Amino acid sequence: MTNAVPIDGSSPLNSTIIGRVRALIRREQRIRFAGSLFGYGWAYLTPIAWIVTMALFFDFLGRTSPLLVPTPIFVATGILPYVLFRQTLTSMMRAPKANRYMVYFRPTSLSEILLANGLLELINMLIVAVVLLTAISVIYNVPAPDNLFKVTTALVVTWCFAFGFGRFCAICGHLSPTFQRILPILIRPLFWISGIFYIAAELPAPAQAVLWYSPLFHTIEYLREGFFLGFSSPISAIGYTMSLGLGFLLASVALENYWKADAPNRGML
């Protein structure tokens, strides 16, 4: 008996885009980490373990938080958006190859497959954020977020940017294996220029002017504004990050449509 969820449009649910995306999400949940000890639980354990390790390592090096809060909670608020970005990008990059046969189950499309993978990562990371931040807050007796709406908005905007950028990269990677190989190298600097281990106010004005263009820096600082009472950052324009995500999304649609228009000569997506 297979765990796969049929995506063939045979049921009323799967006859709509929403139904097909929901079915694709369930399929991805069932097949991911299949056969491992914790099963799909690894989707939560892996990012939690990464974040906790980074927080403890930061503390081990003797770095103190620039804010009057425990170091682990400061690092967690910085690395959560970054992990959401990386997990979403990674999932969407591997989706075309991992689901290359699904497009034969009409009317399932590559766009629906990418959307399902992106939404699944958003759901996973929101659960991780609630579990991790609640646990750290209880352990270190840190007050609840000052503005939960801003914290949630920061994570959602991070995902919107990751989805737009991830869709663009997935289309490019599907068309060019070379691009798929060099992408991890191109985005590696984001880990160091996104304010995970520091805040914008610590930096001199020239550095702030340069790092202002780092999209994740804005969402991380915005999340910290919502989490820590009284904290305000000079780099928290989430509209900039959202605009970049929308720009990459539109570019990915244009690239996909261009390729489909020339499908007889180049092959189908």
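This text follows the structure it describes.
Report follows, based on the coordinates. All values derive from a computational prediction rather than experimental measurement. (Residues numbered from 1 in each chain as written. Predicted model: local features only at pLDDT ≥ 70, side-chain atom pairs only at ≥ 80, totals over all residues. Heavy atoms only, no water.)

## Description of the overall build of the chain
Scanning the chain for helices and strands turns up 11 helices and 0 strands. Helices and strands appear in the chain in the N-to-C order α-α-α-α-α-α-α-α-α-α-α. Every one of the 269 residues in the chain was classed for burial, and the buried ones make up 48%. When contacts within the chain are restricted to residue pairs at least 6 apart in sequence, long-range pairs at least 24 apart make up 71% of them. Carbon together with sulfur atoms contributes 68% to the accessible area of the chain, which is approximately 13300 Å² in total. (Helix = DSSP H or I, 4+ residues; strand = E, 2+ residues; numbered from the N terminus. Buried < 20%, exposed > 50% of the residue type's maximum accessible area, 1.4 Å probe, protein only. Contact = heavy atoms within 4.5 Å. Areas by Shrake-Rupley, 256 points an atom, 1.4 Å probe, with all protein chains shown as cover.)

## A short note on the packing of aromatic side chains
Scanning all chains against the criterion turns up 15 aromatic pairs. Aromatic side chains phenylalanine 191 and tryptophan 192 sit 4.8 Å apart centroid to centroid with 85° between the ring planes, which places their arrangement in the edge-to-face category. The class for phenylalanine 191 is buried, based on a relative accessible area of 11%. Accessibility expressed as a relative area gives 55% for tryptophan 192, which makes it exposed. (Phe/Tyr/Trp six-rings, centres within 6.5 Å; stacked < 30°, edge-to-face > 60°.)

## As for the environment of alanine 162
Within the secondary structure layout, alanine 162 lies in helix α5 (residues 148-175). Leaving out residues up to four positions away in the same chain, alanine 162 has contacts with Phe85, Thr88 and Met92.

## Observations concerning the nonpolar core
Counting residues in hydrophobic clusters, the biggest one holds 71 residues, and the most contacted among them are Ile73, Phe85, Leu89, Phe165, Leu183 and Phe197. Listing elements by their share of this core, those giving two or more residues are α1 (17-31), α2 (42-60), α3 (71-98), α4 (110-139), α5, α6 (177-187), α7 (190-193) and α9 (215-227). Of the residues forming this core, the biggest block, 14 residues, is contributed by α3. If near-sequence neighbours (up to four positions away) are discounted, isoleucine 73 is found in contact with Leu133, Ile136, Ser137, Val142, Phe227 and Phe228. (Core = buried A, V, L, I, M, F, W, Y, C linked by side-chain atoms within 4.5 Å.)

Remember that the coordinates give geometry; whether it matters functionally is a separate question.
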